[in-house]
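Summary of the model geometry
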Amino acid sequence: MPELRYPGHPDPLTEGDKILLLDRKQRRYLMTLHSGGEWHSHHGFVPHDEIIGLPEGSRVRTTGGSTLLVVRPTSADWTVKAPRGAQVVYPKDQAMIVTLADIVPGAVVAEAGAGSGALTAALLRAVGPAGRVVSFELREEHADVAERNVVERFGGVPPNWELRRGDVLEGLAVVECDRIILDLAEPWTVLKVAADALHPGGILLAYTPSVVQVTRLREALDGDSRWGMAQTSETLVRTWHVDGQAVRPDHRMVAHTAFLTTARRLADAAE
Ligand SMILES: C[S@@+](CC[C@H](N)C(=O)[O-])C[C@H]1O[C@@H](n2cnc3c(N)ncnc32)[C@H](O)[C@@H]1O
């Protein structure tokens, strides 16, 4: 796989780098730099060759005179800008999932469904090259989007990633793992196979948009002695408008997305 130059990498912007262009109105455009390529807008165009070789954080001008800022995209930029088939897990929840499920370098993580691959990318980064992510996806068209996004994001298929096209209910039991992350409509149906797959002490995390799902999941967790320490939370992130003395919360925010429920796999009770 090609070397990935992360935001703030000391190399100047280089052929093959992913970049983000920001215009005056803070609109963001994600693209790959190619010698001979051009980025077009209704304010003219910018040849990629004028960007290649610049330090990150430079400003470039379109042929029509508009100024654009050029940087390498962060993980959050990717999540928001990447094409999607299914609804993605937003950065605020990705961050909390990595923390609440304690996704550590070297961990083996099973995930369902892969959807658009947004959470997959966050999990792959968190487990690092010594870890492994196994993603299940039932719908072919979603699996295709997830695969495209992950390949685009990492510059190839990450060697520590396996995408299994099929039902997590059928495939999960044979995956020995340390963490299971569920983003699907009925996570309680997966608890039995999840308990078979997860090492004792391992962590299950379910991302569910509705409170009805939370109730159903918590009842199912309470009814199975192999699960314990269940907790549910949601994460609200409010950005602020800061302009001189005008300092106040922004009027708009991504408020409710989903509840995060975690539980620990307990040891099997002695016979
Ligand atoms: C909301 S999307 C997941 C989005 C993903 N977390 C992301 O960040 O891009 C839910 C996905 O679960 C998949 N799915 C639903 N039931 C499944 C099952 N039993 N096994 C595997 N995938 C399943 C759906 O096809 C859908 O693509």
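The numbering scheme is per chain: residues are counted from 1 as the chain's sequence reads. Since the coordinates come from a predicted model, pLDDT governs what is reported: local features require at least 70, and pairs of side-chain atoms require 80 or more to be given and counted, while whole-chain, interface and lining totals use all residues. With hydrogens and water set aside, each side-chain value is computed from the structure's full complement of heavy atoms.

Things to note about the side chain of His48
Operational definition: For the purposes of this entry, the term helix denotes a DSSP run of H or I that reaches at least four residues, the term strand denotes a run of E that reaches at least two, and both are numbered from the N terminus. Any residue under 20% of the maximum accessible area for its type is buried, any over 50% is exposed, and the rest in between are partly exposed; the area is computed with a 1.4 Å probe on protein chains only. Polar contact criterion, stated in full: a pair of N or O atoms within 3.5 Å, where within protein one must be able to donate a hydrogen and the other to accept it, and residues adjacent in sequence count only if both atoms are side-chain atoms.
Following the sequence through the fold, His48 ends up in helix H1 (residues 48–51). With a relative accessible area of 6%, His48 lands in the buried category. A polar atom in the side chain of His48 sits 3.0 Å from the backbone nitrogen of His34.

Section: the site of the ligand
To be explicit about the condition: Throughout this document, a residue counts as near a molecule or strand when at least one of its heavy atoms sits within 4 Å of that molecule or strand. Areas reported here follow the Shrake-Rupley algorithm with a probe of radius 1.4 Å; residue values treat only the protein chains shown as occluding. The definitions used throughout rest on a 1 Å grid laid over the protein atoms alone, on which a cavity is an enclosed set of points accommodating a 1.4 Å probe that cannot get out and a pocket is an open set flanked by protein within 12 Å on both sides along at least five of seven lines; lining residues are those having an atom within 4 Å of a point. More than half of a molecule's atoms lying within 2 Å of a cavity's or pocket's grid points is what places that molecule inside it. Each residue receives one of three labels: charged for Asp, Glu, Lys and Arg, nonpolar for Ala, Val, Leu, Ile, Met, Phe, Trp, Tyr, Cys and Pro, and polar for the others, Gly being one of them.
Of all residues adjacent to the ligand, which total 21 residues, the nearest are Ser116, Glu137, His142, Asp167 and Asp183. Backbone polar atom of Ala118 to an oxygen atom of the ligand: 3.2 Å apart, as the coordinates give it. His142 places a polar side-chain atom, nitrogen or oxygen, 2.6 Å from an oxygen atom of the ligand. Here the ligand loses 85% of its free accessible area of 610 Å² to cover by the protein chains. The pocket occupied by the ligand, as judged from atoms lying within 2 Å of grid points, is the largest pocket. For the shell around the ligand, the per-class residue count stands at 10 nonpolar, seven polar and four charged.

Re the pairing of strand S8 (residues 132–137)
We count it as follows: Think of it like this: strands point away, you trace from the first strand over the helix to the second, and a clockwise trace means the crossover is right-handed. Two strands qualify as a pair provided that DSSP identifies no fewer than 2 bridges between them.
Among the six residues that make up S8, five are buried, leaving the element largely enclosed by the rest of the structure. As for the winding sense of the linkage, the β-α-β connection from strand S7 (residues 108–112) through helix H4 (residues 118–127) to S8 is right-handed. Sheet topology note: the S8/strand S9 (residues 161–165) ladder contains five bridges and is parallel. The residue of S9 that forms the bridge with Val134 is Glu162. Crossover connection from S8 via helix H5 (residues 140–154) to parallel S9: handedness right-handed.

Notes on the sheet that holds S7
Strands in a sheet are paired, the pairing made by backbone hydrogen bonds, and the direction either parallel or antiparallel. What counts is decided by this rule: To get an axis, a line is fitted to the C-alpha atoms, and for a helix only the part in contact is used. The angle between two axes follows their N-to-C directions and goes from 0 to 180 degrees. Two residues qualify as a contact provided that any one of their heavy atoms is within 4.5 Å of a heavy atom in the partner residue.
The seven strands are arranged S9-S8-S7-S10-S11-S15-S12 in an open sheet whose pairing can be described as mixed. The sheet is open, and its two borders are formed by S9 and strand S12 (227–233), each paired with just one other strand. Looking at each pair of strands side by side, their axes are set apart by 15° on average, direction ignored. Sheet analysis places S7 next to S8, joined by five bridges and oriented parallel. Looking at S8, one finds that Ala112 is bridged to Phe136. Lying over the sheet, helix H8 (residues 211–222) contacts strand S11 (198–208), S12 and strand S15 (259–265), oriented at roughly 10° with respect to S15.

Overview of the packing of helix H3 (residues 91–100) against H4
How we decide: An angle below 35 degrees is treated as roughly parallel, one above 145 as roughly antiparallel, one from 65 to 115 as roughly perpendicular, and anything else as oblique. Each crossing gets its hand from how the near helix is turned against the far one by less than a right angle, where anticlockwise is left-handed and clockwise is right-handed.
In the contact formed by H3 and H4, the axes pass within 10 Å of each other and the chain directions differ by 40°. Compared by their axis directions, H3 and H4 come out oblique. Relative to H4, the crossing made by H3 is right-handed. In this structure, H3 contributes Gln94, Ile97 and Val98 to the contact, and H4 contributes Ala118, Leu119, Ala122 and Ala126.

Some words on the pairing of S7
Looking along a regular strand, one sees side chains alternate from face to face of the sheet. Among the five residues that make up S7, five are buried, leaving the element largely enclosed by the rest of the structure. Side chains Val108, Ala110 and Ala112 of S7 all project onto a buried face; the interleaved residues Val109 and Glu111 project onto the opposite face, where all are buried too. Relative to strand S10 (residues 177–182), S7 runs parallel, the two being bridged by four bridges. Bridge pairing links Ala112 to Leu182 in S10.

Here's the deal with the environment of Val46
Within the secondary structure, Val46 sits in strand S4 (residues 44–47). Distance in space between the C-alpha atoms of Val46 and Val109 is 42 Å, their sequence separation being 63 residues. Discounting chain neighbours no more than four positions away, the residues touching Val46 are Gly37, Glu38, Trp39, Ile51, Val60, Arg61, Thr62 and Leu68.

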